[in-house]
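A closer look at the structure
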Amino acid sequence: MSNSVRPLRIVLASSEAVPFSKTGGLADVVGALAKSLDQLGHDVTLIVPDYFLMRQSAKGLPTISETGLRFTIPMNGRSVAGTVNWTQLPGTGVRVLLVRQSDYFDRRQLYQEHGHGYVDNCERFCFFSRAVLEISRQMILRPDVIHCNDWQTGIIPALLNSQYANRPGFENTSTVMTLHNMAYQGRFWHFDLPLTGMDWRYFNHHQMEAWGDLNLLKTGIAFADQITTVSPTYAEEICHPEGGYGLEGLLRYRNRDLVGILNGIDTDVWNPGTDPHLASHFTAETVAVGKPRCKSQLQQRMKLPQQSGTPLIGMVSRMADQKGFDLVMGSADRLLSKDIQMVFLGTGDPICEGQLRDLALRYPTKVAVEIGFDESLAHQIEGGADAFLMPSRFEPCGLNQMYSLRYGTVPIVRKVGGLADSVINYPSDTKSPEVGAKSLETATGFSFSDYTNEAFAGTVERALQCYSQKSIWQKLVQNGMTSDWSWTRSAESYVDVYRAAQGRRSARVAERRC
Ligand code: ADP
Ligand code: GLC
């Protein structure tokens, strides 16, 4: 164990985790982080809701068994019962506890249907958060740290500072709150406060209240011992009004305890050398042979002409305001006047889905669109596309640009958040011709700053020019494929944060005693 004193007992709490449930990057991150922490020698328990109906149709899950544990949570005057199932994260020693409560979690989706959040989301995830503590207590997990993720787990640090502060089993428990996206805060009307189990005296603008609402993410930020977010650049962005979504003041106040740690990727799952979804496997040495086969597979699957020399640009994304689809639509005619093909996979905003379908109808030989969530196609787009689009308005970290780098698919990104921290622009932004000439040594993709159609379309055109210069393109592909995005370094940074959280907690307890 590298940065060790002794192994830590870590509880990771999340509303989704691969391979059990997924709507976006949070699931990938939590599943892969649990695995890496286990590899570093720590004792890891992952606690997630049991979306029982959804997992019935999932493929490749490990066997899940009942623990026999039953618990109840007082939820606003009534007692709600839950049970706990368990399994192990495949190939690891990570214990996975799945919180079963059929009224809350046996649904068709995780958070919303037809663009509308479930009306009882506050109740569902307050129950889940309180279950994490109750299960930790009853199973005597005695965590050194509970690592909370996003608003769905935001009340855990608050409960540990109040009603659970003196409960046996939590004597040494500190909390870390990771912010994956400030745009989603879990804001609910104030009458939901009793669902949290917290006293009304905490409903003030320093702790649980924001603009009159109950705010679960703010609660986590206010009470956690340490706060992390998913890239160093995003850690700065969220301390300003544009990125903080109203919580920038609190984040500036807690700035000393806020760290940006770039996400990694699961290099077993996202490996073009072994990926079961690809027609052909390839590495940095064999990409010139393997990628054309994957490209042909993708063109065939998406019913596009099999033109090997035509640059194929892919995009896999939630269709949300964050992701920059308005730039894509605003530049589509200009870009599609050239010899290119585009493939889109995504679901979300119905207007955006409709616009993309129309685009495919207007350009049937150049644009293919799949509306829906399709893990296999996501891998095939990474494997078969030449370039990948992420023109995000903001992007806390982003995983697809890192998958792209690993798959020799050159990313074209907006220079924000984690995209700025993971993609090196070609040619470099420097004015020095000497440095500019050298920039091909390190460049891995293309980026732009202004959120305008002109900046976006101009950058895609710059990429297309480079595509026609084989030696430049091949070098960009090689640079990306040989860069390291594995979790190892980032997982060690999390361990440092856990230890800092422990230190902060001890200081807080000592203060209380004085
Ligand atoms: P975000 O979490 O904001 O959606 P990330 O880039 O961090 O963005 O992660 C998105 C993850 O979800 C990636 O693994 C991506 O491949 C996956 N994904 C997004 N949309 C789809 C989809 N429609 N089908 C399959 N996978 C998808
Ligand atoms: C969020 C962000 C994304 C990030 C992911 C995992 O969904 O939008 O940028 O990669 O969380 O941290």
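If you're wondering where the values come from, they're calculated on a predicted model, not measured in any experiment. (Residues numbered from 1 in each chain as written. Chains lettered and ligands numbered in written order. Predicted model: local features only at pLDDT ≥ 70, side-chain atom pairs only at ≥ 80, totals over all residues. Heavy atoms only, no water.)

Some thoughts on the overall build of the chain
The secondary structure content of the chain amounts to 20 helices and 20 strands. Against the 2.2 N^0.38 benchmark of 24 Å for 514 residues, the chain shows a C-alpha radius of gyration of 23 Å, consistent with a compact globule. In terms of principal-axis extent, the alpha carbons of the chain reach across some 70 × 50 × 45 Å. The buried share of the chain, reckoned over its 514 residues, is 58%. Looking at the chain alone, contacts between residues at least 24 apart form 72% of all its contacts between residues at least 6 apart. (Helix = DSSP H or I, 4+ residues; strand = E, 2+ residues; numbered from the N terminus. Rg over C-alpha atoms; globule rule 2.2 N^0.38 Å. Buried < 20%, exposed > 50% of the residue type's maximum accessible area, 1.4 Å probe, protein only. Contact = heavy atoms within 4.5 Å.)

Observations regarding the sheet that holds strand β20 (residues 446-448)
Two pairing modes exist for strands in a sheet, parallel and antiparallel, and in both the strands are linked by backbone hydrogen bonds. Overall, parallel pairing links the 6 strands, which are arranged β17-β16-β15-β18-β19-β20 in an open sheet. Of all strands in the sheet, those bounded by a partner on one side alone are β17 (367-371) and β20. Recorded for the sheet is a direction-independent mean angle of 15° between the axes of neighbouring strands. Relative to strand β15 (residues 312-319), helix α14 (residues 375-384) is tilted by about 150°, and along the sheet it contacts β15, β16 (341-348), β17 and β18 (387-390). Packed on one face of the sheet, helix α18 (residues 453-467) meets β15, β18, β19 (410-414) and β20 and runs near 160° to β20. (Pairing = 2+ DSSP bridges. Axes fitted to C-alpha atoms, helices over the stretch in contact; angles between N-to-C directions.)

Describing the site of ligand 2
Neighbouring ligand 2 are 13 residues, the closest being H180, N263, E395, C397 and G398. N263 has a polar side-chain atom sitting 2.9 Å from an oxygen atom of ligand 2. Taking Q322, its side chain carries an N or O atom lying 3.1 Å from an oxygen atom of ligand 2. Within the complex, 92% of the 310 Å² of free accessible area of ligand 2 lies under protein. Sorting elements by how many residues they give to the shell around ligand 2 places helix α1 (residues 25-39) first, with 3 residues. By residue class, the composition of the shell around ligand 2 is 5 nonpolar, 6 polar and 2 charged. Counting contributing residues, the shell around ligand 2 receives three or more from each of domain 1 (9-264 + 488-513) and domain 2 (287-481). (Near = heavy atom within 4 Å. Polar contact = N/O pair within 3.5 Å; in protein donor to acceptor, adjacent residues only side chain to side chain. Areas by Shrake-Rupley, 256 points an atom, 1.4 Å probe, with all protein chains shown as cover. Nonpolar A, V, L, I, M, F, W, Y, C, P; charged D, E, K, R; others polar. Domains from an automatic or database assignment.)

Description of α1
The end-to-end C-alpha distance of α1, which contains 15 residues, comes to 21 Å, matching closely the 21 Å that a straight helix rising 1.5 Å per residue would cover. Among the 15 residues of α1, 12 are classified as buried, and the element is accordingly described as predominantly covered. Along α1, the residues that are buried comprise L26, A27, D28, V29, V30, G31, A32, L33, A34, K35, S36 and L37. On its buried side, α1 packs onto β1 (9-13), β2 (43-49), β8 (145-149), α15 (400-406) and α20 (488-513). At the exit of α1 stands G41, carrying a positive phi of roughly 100°. (Expected span 1.5 Å × (residues − 1).)

As for α18
Given a rise of 1.5 Å per residue, 15 residues ought to cover 21 Å, and the 21 Å separating the end C-alpha atoms of α18 matches this to within 8%. Residues of α18 that are buried: A455, F456, A457, T459, V460, E461, A463, L464, C466 and Y467.

Quick word on the domain arrangement of the chain
Here the chain is partitioned into domain 1 (9-264 + 488-513) and domain 2 (287-481). Taking only C-alpha atoms, the centre of domain 1 and the centre of domain 2 are 33 Å apart. Counting the surface lost from both domain 1 and domain 2, the interface buries some 1300 Å², and carbon and sulfur atoms represent 58% of this. Between the two partners, domain 1 and domain 2, sit 1 salt bridge. Across the pair K22 and E375 runs a salt bridge, and its minimum N-O distance is 3.6 Å. Run the count over domain 1 and domain 2 and you get 7 residue pairs in polar contact (both at pLDDT 80 or more). (Buried area = accessible area lost by both parts, 1.4 Å probe. Salt bridge = Lys/Arg side-chain N within 4 Å of Asp/Glu carboxyl O.)

Describing the site of ligand 1
Lining the immediate environment of ligand 1, one finds 21 residues, of which G25, D28, R318, K323 and G372 sit closest. One of the side-chain nitrogen or oxygen atoms of K323 is found 2.8 Å away from an oxygen atom of ligand 1. Here a nitrogen atom of ligand 1 and a backbone polar atom of D374 are 3.0 Å apart. Compared with its free state, where it exposes 560 Å², ligand 1 has 93% of that area covered by protein. Within the residue set of the shell around ligand 1, elements represented by two or more residues are α1, β15, β16, α14 and α15. Per-element accounting of the shell around ligand 1 gives the leading share, 3 residues, to β15. Per-class residue counts for the shell around ligand 1 are 6 nonpolar, 8 polar and 7 charged. Two domains each put at least three residues into the shell around ligand 1: domain 1 (9-264 + 488-513) and domain 2 (287-481).

Comments concerning the pairing of strand β5 (residues 95-100)
Working note: regular strand, side chains alternate between the two faces of the sheet. The pairing of β2 with β5 spans 5 bridges and is parallel. Looking across to β5, one finds that V48 is bridged to L98. In this structure, strand β4 (residues 78-88) lies alongside β5, joined through 6 bridges in antiparallel fashion. Residue pairing across strands places N85 opposite L98, the latter belonging to β5. The antiparallel hairpin formed by β4 and β5 contains 6 residues in its connecting segment, where G91 sits at a positive phi of about 75°.

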